[in-house]
Amino acid sequence: MNGNSAIRQFHRWTSIVFMVAVIFNTVMLVLGRQATWVGLTALFPLILLMITGLYMFALPYLAKSRTPSPARDAA
Ligand code: HEM
C-alpha cells in the first residue's frame, strides 16, 4: 500500500467515525444534553477529513506538475 492509498483508506474510515459522531450529536441534541465535548467528537474527525480530503484533491495537480510533459516543454 503506497502513501496515497493509505491516505484514501484513512479518509474512508474517518468518514465512518464522523458519521457515528453526527448520529451521536443528533441523539444528544434530541435528549437536550448538548455540550462542547459532544460537538468536538464530530469536529475532530471532520478536521482530519478536511486535511486528508484537500490533500487527495490536490494529488492530480501535484502529479501533473511532477511528470514531464512534451507538449508543455515544447511551448
Ligand atoms: C471536509 C472536507 C472534505 C474534503 C475536502 C474531501 C475531499 C475528498 C476527495 C478529494 C476525495 C477523493 C475523490 C476522488 O476519488 O478523486 C474524497 C473521497 C471520499 N470522501 Fe471526502 N472530503 C471531505 C469530507 C468528507 C466527509 C465529511 C465524508 C463522509 C462523512 C467523506 C467521505 C469520503 C469517502 C467515503 C471518499 C471515498 C474514499 C475512497 O475512495 O475510498 N469526505 N474526499
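Computed from a predicted structure; not experimentally measured.

Enquirer: Even after reading the chapter, I still don't get the site of the ligand, so can you show me in this structure?
Expert: Around the ligand sit Arg-8, His-11, Arg-12, Ser-15, Phe-18, Leu-46, Leu-49, Met-50, Gly-53, Leu-54, Met-56 and Phe-57, and that is every residue in its neighbourhood. With respect to the ligand, the side chain of Arg-8 contributes an N or O atom lying 2.8 Å from an oxygen atom. Separating a nitrogen atom of the ligand from a side-chain N or O atom of His-11 is a distance of 2.8 Å. For the shell around the ligand, the elements supplying multiple residues, two or more each, are α1 (3-30) and α2 (36-66). When grouped by side-chain class, the residues that make up the shell around the ligand number seven nonpolar, three polar and two charged.

Enquirer: Help me out: how do you make sense of the packing of α1 against α2 in this one?
Expert: Two quantities define a packed helix pair, namely the angle between the helix axes and the distance between the axes. Where α1 contacts α2, the axes come no closer than 8 Å and their chain directions differ by 155°. What the angle tells us is that α1 and α2 run roughly antiparallel. Considering the relative orientation of α1 and α2, their crossing is left-handed. In terms of residue class, the contact of α1 with α2 is made up of 17 nonpolar, nine polar and one charged.

Enquirer: Which parts of the structure should I look at to understand the coordination of the iron atom of the ligand?
Expert: Reference values for angles at a metal are 109.5 degrees in the four-donor tetrahedral case and 90 or 180 degrees in the six-donor octahedral case. There is one protein donor for the iron atom of the ligand, and it is His-11 (NE2), at 2.1 Å. For His-11, the location among the structural elements is in helix α1.

Enquirer: What should I look at first to understand the confidence of the model for the protein chain in this one?
Expert: Atomic detail in the predicted coordinates should be set aside for any region of low pLDDT. Averaged over all residues, the pLDDT of the protein chain is 92; the fraction at 70 or higher stands at 91%. Across the protein chain, the secondary-structure element scoring lowest on mean pLDDT is helix α3 (residues 70-74), at 64, and the one scoring highest is α1, at 97.

Definitions and cut-offs
- Residues numbered from 1 in each chain as written.
- Predicted model: local features only at pLDDT ≥ 70, side-chain atom pairs only at ≥ 80, totals over all residues.
- Heavy atoms only, no water.
- Near = heavy atom within 4 Å.
- Polar contact = N/O pair within 3.5 Å; in protein donor to acceptor, adjacent residues only side chain to side chain.
- Helix = DSSP H or I, 4+ residues; strand = E, 2+ residues; numbered from the N terminus.
- Nonpolar A, V, L, I, M, F, W, Y, C, P; charged D, E, K, R; others polar.
- Axes fitted to C-alpha atoms, helices over the stretch in contact; angles between N-to-C directions.
- Parallel < 35°, antiparallel > 145°, perpendicular 65-115°, else oblique.
- Left-handed = near helix turned anticlockwise from the far one by under 90°.
- Donors = N, O, S within 2.8 Å, 3.2 Å for Na, K, Ca; no water.
- pLDDT = per-residue confidence, 0-100.

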